[in-house]
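# Structure assessment
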Amino acid sequence: MRRIVLQVAVSLDGYIEGPQGEYDWCFMDQDYGMSDFTKTIDTIFMGRKTYELMKDMPINPDDPMMAAWAHISTFVFSNSPGIGVDETKYNWVTGDTIAWIKEYKQNEGKDIWLFGGALFTAFLIQNHLVDELQLAVHPVLLGGGKSFIQHIDHRLSLKLIDTKVYNTGLVMMKYGL
């Protein structure tokens, strides 16, 4: 069965965005395992709000990561119809999200990257659909912003799988749910 993996950059005080929605605090000076991670996935799941942020971002076709992502299918989940969605790049999923995801996970393939956003992530965690958390914890305190996990209504115990410390102080932590 395929696994859903949330791999996300987070500040030491638990934010995925700063107070103004900024993410300029994320380290970009080295790979931090992303090349290896992208080899383990063939699908990305994201919520509509994340799609809205991502759809107009400039893409450098010479970026080696773009070539590595060529094989990845992207699904956008929303309660709204996919008006204006570029269907050559994105698949729009509406309706019974839980049933759709459970069925999709039964298909052959690699892992699925849960890319965002915060509400969609919380929804999948609440419904026990996420199998692993990979937190790239950056040594920065933002003091506010969007919390890593929102709207979780019960305690979840996690099992530490692995850690890796980088020379910049970034710590990658992997947990099973």
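Residues numbered from 1 in each chain as written. Predicted model: local features only at pLDDT ≥ 70, side-chain atom pairs only at ≥ 80, totals over all residues. Heavy atoms only, no water.

## With respect to the overall build of the protein
This is how it is decided: Numbering of helices and strands starts at the N terminus; helices are DSSP runs of H or I of at least 4 residues and strands are runs of E of at least 2. Each residue gets one of three labels from its accessible area relative to the maximum for its type: buried under 20%, exposed over 50%, partly exposed in between, using a 1.4 Å probe on protein chains only. Any two residues whose heavy atoms approach within 4.5 Å are treated as being in contact. Only the protein chains shown count as cover for residues, with accessible areas throughout obtained via the Shrake-Rupley method and a probe of 1.4 Å.
Looking only at helices and strands, one finds 5 helices and 10 strands in the protein. Burial status across the protein gives 40% buried among its 177 residues. Sequence separation of 24 or more characterises 78% of the internal contacts of the protein that already satisfy a separation of 6 or more. Accessible area for the protein stands at about 10,200 Å²; split by element, carbon and sulfur atoms hold 53% of it.

## Quick word on the sheet that holds strand β10 (residues 171-176)
Rule in force here: Here, strands pair whenever DSSP counts at least two bridges between them. Axis lines are fitted to C-alpha atoms, over the contacting stretch for helices. Their N-to-C directions set the angle, which ranges from 0 to 180 degrees.
Strand order in the open sheet made by the 8 strands is β5-β4-β3-β6-β1-β7-β10-β9, with mixed pairing throughout. Pairing within the sheet leaves two strands with one partner each, and these edge strands are β5 (90-93) and β9 (159-165). Taken over all neighbouring pairs, the strand axes of this sheet differ in orientation by 25° on average, direction set aside. When strand β1 (residues 4-11) meets strand β6 (residues 111-116), the two strands line up parallel, connected through 3 bridges. Counterpart to Ile4 in the pairing with β6 is Ile112. Most of the contacts of helix α4 (residues 97-105) go to strand β4 (residues 73-77), to which it runs at about 160°, and overall it touches β1, β3 (41-47), β4, β5 and β6. The sheet strands contacting helix α5 (residues 118-126) are β1, β3, β4, β6 and β7 (132-138), and the helix crosses β6 at an angle near 135°.

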